[in-house]
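# Examination of the molecular architecture
One-letter residues, chain by chain:
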Amino acid sequence: QSLWEKCGGKADRIKKQLASLKPEDLRKMREELVAGTKQLKFEQLAKKFLETGIDWFVEEMRPVDAEELHRERIKQLDDLRQAHQDAVEG
C-alpha cells in the first residue's frame, strides 16, 4: 500500500507521516521511487502524477535530453539571428 493510500490522500497526514521517518528511511523511499520511474519518459511520469492529483512537479532533464534541447536551442538562435540579419539587410 502506498503512502498516498495509507493517508487517504490527505496532505496533512502525509506530511506527518514523512516527518516521523528517519533520514535513512526517506533515502530508501527516494531510491525506490527513482528506480521505479527511471525508465519512464517525462510524459508517462507526468500522466501518472496527474492521475493522482499531483500537478506541481518539475521536470529534471536527463543529460541526453538536455544535450538535444541545447542543440535545438542553438539552431533556433542561429535561425533567429539569420532572420534578423535578413530583415535588417532586406
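Residues numbered from 1 in each chain as written. Predicted model: local features only at pLDDT ≥ 70, side-chain atom pairs only at ≥ 80, totals over all residues. Heavy atoms only, no water.

## Observations regarding the overall build of the chain
Check the secondary structure of the chain and you find 5 helices and 0 strands. Ordering the α and β elements of the chain from the N terminus gives α-α-α-α-α. For 90 residues, the compact-globule estimate of 2.2 N^0.38 gives 12 Å, and the chain exceeds it by more than 25% at 21 Å. A total of 90 residues make up the chain; the buried ones form 7% of that total. Accessible surface, the chain as shown: approximately 8,300 Å² in total, 54% of it carbon and sulfur. Placing the 18 positive and 19 negative side-chain charges of the chain at their respective mean positions leaves the two points 10 Å apart. (Helix = DSSP H or I, 4+ residues; strand = E, 2+ residues; numbered from the N terminus. Rg over C-alpha atoms; globule rule 2.2 N^0.38 Å. Buried < 20%, exposed > 50% of the residue type's maximum accessible area, 1.4 Å probe, protein only. Areas by Shrake-Rupley, 256 points an atom, 1.4 Å probe, with all protein chains shown as cover. Lys, Arg positive; Asp, Glu negative; His and termini not counted. Charge placed at Lys NZ, Arg CZ, Asp CG, Glu CD.)

## Thoughts on a nonpolar patch on the surface
A surface patch of nonpolar side chains, amounting to about 210 Å² of accessible area, comprises Leu18, Leu26 and Met29. Assessed through its relative accessible area of 33%, Leu18 is described here as partly exposed. (Patch = residues over 30% accessible without salt bridge, like charges linked within 9 Å, V, L, I, M, F, W, Y side chains within 5 Å. Salt bridge = Lys/Arg side-chain N within 4 Å of Asp/Glu carboxyl O.)

## Here we look at the confidence of the model for the chain
In the predicted model, the chain carries a mean pLDDT of 86, and the fraction of residues at 70 or more is 92%. Taking the mean pLDDT of every element in the chain, the minimum, 84, falls on helix H1 (residues 3-6) and the maximum, 90, on helix H2 (residues 11-19). (pLDDT = per-residue confidence, 0-100.)

## Description of the pattern of salt bridges
Evaluation of the coordinates by the stated rule reveals 1 salt bridge. A salt bridge links Asp79 to Lys75; the nearest nitrogen and oxygen atoms lie 3.2 Å apart. Residue Asp79 and its partner Lys75 are located together in helix H5 (residues 63-89), separated by 4 residues, close to a single helical turn.

## With respect to the environment of Leu45
Looking at the secondary structure, you find Leu45 in helix H4 (residues 42-51). Through-space distance from the C-alpha of Leu45 to that of Val34 is 11 Å; in sequence the pair is 11 residues apart. Look past the residues within four positions of Leu45 in its chain and what remains in contact with it is Thr37 and Leu40. (Contact = heavy atoms within 4.5 Å.)

## Some details on the environment of Gln17
Along the polypeptide, Gln17 turns up in helix H2. For Gln17, a relative accessible area of 34% translates into the label partly exposed. Residues Gln17 and Leu3, 14 residues apart in the sequence, show an inter-C-alpha distance of 8.3 Å. Setting aside chain neighbours within four positions, we find Gln17 in contact with Leu3 and Cys7.

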